[in-house]
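Fold and contact review
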Amino acid sequence: MLRSLTQRLWKVFFLLTLLTVGCGHANCTNRRCLAEMLVDKEYLSHPQDENCTHTIWVPLIEYQTLSVDTKNLRILSFLRASLVWTDPELAWNTSVYKYDQVILPVDTIWTPLLHVTNGLTSNMYHNSNDLLVSSNGTVYHTVSIKAEVNCEVNMFNYPFASDQCPVAVQAWSKHGCGTDLSFSELRMVDGAHGDWKTDDVELKKKRQDRNYILVSLSIKASNPFITLLLPSILIILTDVVSFALPLGGGERNCFKVTLVLSFIMFLIILNNLLPGDGDCSPIIRIHFCVCLVLLVVSMLFSMVATRLYADGRLLFCCLSNSEDTGNEEDGMEDGEVKGDISVIQLSGSEDNSQLLGKVVNFLEALDAKTLQINRNQMFADKVDKTFFWFYFICGTIYFIAMTYVMVNYECSVDHFDFWN
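Just so you know, the residues in each chain are numbered from 1, in the order the chain's sequence is written. Local features are withheld for residues below a pLDDT of 70 in this predicted model, meaning they are given only at 70 or higher, and side-chain atom pairs are given and counted only at 80 or more; totals for whole chains, interfaces and linings count all residues. Calculation of side-chain values draws on the structure's entire complement of heavy atoms; hydrogens and water are dropped beforehand.

1. Let's talk about the sheet that holds strand β12 (residues 196-207)
A pair of strands counts as paired when DSSP detects no fewer than two bridges linking them. Comment: elements are numbered from the N terminus, with helices defined as DSSP H or I runs of at least four residues and strands as E runs of at least two. Strand order in the open sheet formed by 5 strands is β4-β8-β13-β12-β11, with antiparallel pairing between adjacent strands. The open sheet has two edge strands with one neighbour each: β4 (114-116) and β11 (192-193). Inspection of the sheet shows β11 paired to β12 by 2 bridges, in the antiparallel sense. Within β12, the position partnered with A192 by the bridge is K197.

Pasting the structure below:
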């Protein structure tokens, strides 16, 4: 009896409701009235049913890398996502409102909020002030996200660097409740941007609720090679060719000093262009350091070889024994000549023979000194040639090894530490 009475009361209540709605919208069944009716419901909260998690289907998401900050190791990403979800409270009876779809203002109903988890900044905005709602409560909408992602790009192989950076796209979720994203298709837009290019993008999952876009990046090596590597190679090559300049006169030393100063100025100018430091420090910094060391060693050797060429001494404090002996003999001979000339007075044939002997001794001493100078110069030239070949072979081996390491060595970086 009680159950029958309850059912009758519910029927009366339902009829009164229909009459009220019918009276309110009897003469207003167009799309505008339908939209106003849905707006009046003010469903601004998250759709909730028996399942605590509400699924948002993402049929298409477009990804574009706007720029790559090589100095600070950050990438600026742009995403445009099409969103589809169902809100049963927004459904209507097509027998009353004979329309399958209606347009509603985006700020009058609940819309999901997407963000980039590993982004330093992540801003989502609606592509339109309106969205589309179907009669079964399905909502169609499009949003865009601009995010600055802190990606520890592997710069060890710069300027032949390439790496993969994750861009984690998620919606709000807490303790198993909230929004779950279901991605379908990913499309890359405009892969070229400055010195970098996006080779590929791929949708991945770290966990059921952790979706991310794996972005494969590689640097265009032509520009950094021309501005960074090529000048260093040409300066070292010029330093090698400068060994063709003669040791005497000091022209070679001046030229090598100019090369060292030019390379230092080159490093100062390009300091702001060099890539930033991270877990995998760019090996190009070590390359520039080695090049500077090579230039300085070559300059110092040229100075020492010039001293050896001129005086037969390695340093100003180290005298050559043969040269000292020669100087002593010259001094004795000069003293004898001066003494004999000032004290002994000879005449006739004896005078002529003695004078001829003095001249012969002087010429022999001069020849010995000239011979010693030639020996010093030949020895300096031999040392210079030996150092040249040693410098050339070591420099060639270094550049081959450095190029191989730049191209082939791989340095591992954990890009998912933000989830750890």
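2. Examining the environment of T179
Residue position: T179 is located in strand β10 (residues 177-188). Judged by its relative accessible area of 9%, T179 is buried. Remark: the alpha-carbon pair of T179 and L114, spanning 65 residues in sequence, is separated by 9.6 Å. Note on classification: 1.4 Å probe, protein chains only; a residue is buried when its accessible area is under 20% of the maximum for its type, exposed when over 50%, partly exposed between these limits.

3. Some remarks on the nonpolar core
Residues belong to one nonpolar core when they are buried, are Ala, Val, Leu, Ile, Met, Phe, Trp, Tyr or Cys, and are joined through side-chain atoms within 4.5 Å. Of all hydrophobic cores here, the largest spans 84 residues; its most connected members are Y63, L79, V167 and I213. Among the elements that line this core, the one with the most residues is helix α5 (residues 283-311), at 10 residues. Apart from the residues lying within four places of it in its own chain, the contact partners of Y63 are I75, S77, F78, L79, V167, L186, R187, M188, V189, V201, I213 and V215. The criterion used for residue contact is that any of the two residues' heavy atoms lie within 4.5 Å.

4. Thoughts on the side chain of T138
Among the secondary structure elements, T138 is positioned in strand β7 (residues 138-150). Within the structure, T138 has its side chain in polar contact with the side chain of N136 (distance 3.0 Å). Non-local contacts of T138, meaning those with residues more than four positions away in its chain, are made with V84, W85, T86, L132 and V133. Under this definition, polar contacts are N or O atom pairs within 3.5 Å; protein pairs additionally need one hydrogen-donor-capable and one acceptor-capable atom, and for neighbouring residues in sequence, both atoms have to be side-chain atoms.

5. As for helix α4 (residues 251-269)
One fewer than the residue count of a helix, multiplied by 1.5 Å, yields its expected span. Over its 19 residues, α4 extends 27 Å from the first C-alpha to the last, a length consistent with the 27 Å expected when each residue adds 1.5 Å. Along α4, the residues that are buried comprise R252, N253, K256, L259, V260, F263 and F266. One face of α4 carries all of its buried residues, which in axial projection span an arc of 150°. Opposite the buried face of α4, at more than 90 degrees from it, the exposed residues are C254, L261, I268 and I269. This arc is taken over the directions from the axis of the helix to the C-beta atoms.

6. Comments concerning the environment of I109
You can see I109 is positioned in the loop between β3 (101-105) and β4. By relative accessible area, which is 5% here, I109 ends up buried. Residues I109 and V139 lie 30 residues apart in sequence; the distance between their C-alpha atoms is 10.0 Å. Every residue in contact with I109, bar those within four places of it in the chain, is listed here: Y43, L44, L90, L104, L131 and V139.

7. A look at the pairing of strand β6 (residues 130-134)
With 5 bridges connecting them, β3 and β6 associate as antiparallel partners. In the strand pairing of β6, I103 is matched with L132. For β6 and β7, the ladder comprises 2 bridges, and the chain directions are antiparallel. The partner of L132 across the bridge, within β7, is Y140.

8. Focus: the state of the cysteines
Working definition: the covalent bond between the sulfur atoms of two cysteines is a disulfide. Put simply, a disulfide is two cysteine sulfurs that come within 2.5 Å. By the definition in use, this model includes 1 disulfide. Through a disulfide, C151 is tied to C165; the S-S separation comes to 1.8 Å. Of note, the bridge from C151 to C165 carries an S-S torsion of about -80° and is left-handed in sense. Of this pair, C151 sits in the loop between β7 and β8 (162-171) while C165 sits in strand β8, and the two are 14 residues apart along the sequence. The class of C151 is buried, set by a relative accessible area of 2%. Summary of cysteine pairing: C289 is not part of a disulfide, and the nearest cysteine sulfur, belonging to C291, is at 9.3 Å. For C291, a relative accessible area of 0% gives the class buried.

9. Examining α5
Here α5 contains 29 residues, and its C-alpha end-to-end distance of 43 Å stays within 8% of the 42 Å for a straight helix at 1.5 Å per residue. One or two residues past the end of α5 sits G312, with phi positive at roughly 75°.

10. Let's talk about the packing of aromatic side chains
Geometry of aromatic contacts follows a simple scheme: Phe, Tyr and Trp rings, the Trp one being its six-membered ring, pair when their centres are within 6.5 Å, and the pair is stacked under 30 degrees between planes, edge-to-face over 60, tilted otherwise. Applying the stated criterion across every chain yields a total of 19 aromatic pairs. Ring geometry for Y212 and F416: centres 5.1 Å apart, planes at 70°, overall edge-to-face. Taken together, the positions of Y212 in strand β13 (residues 210-219) and F416 in the segment after α7 (348-408) put the pair 204 residues apart, joining distant regions of the chain. A single burial state applies to Y212 and to F416, both of which are buried. With 5.1 Å between their ring centres and 70° between their planes, F388 and W389 make a pair best called edge-to-face. Taken together, the ring pairs connect F243, F301, F387, F388, W389, Y391 and F392 into an aromatic cluster. Only when the NZ atom of a Lys or the CZ atom of an Arg is both within 6 Å of the ring centre and within 35 degrees of the ring normal do we say a charge sits over the ring. One Lys or Arg, K206, reaches over the ring of F416 and ends 4.2 Å from the middle of that ring. One residue, K256, lies across the ring of F243, its end atom 4.1 Å from the ring centre.

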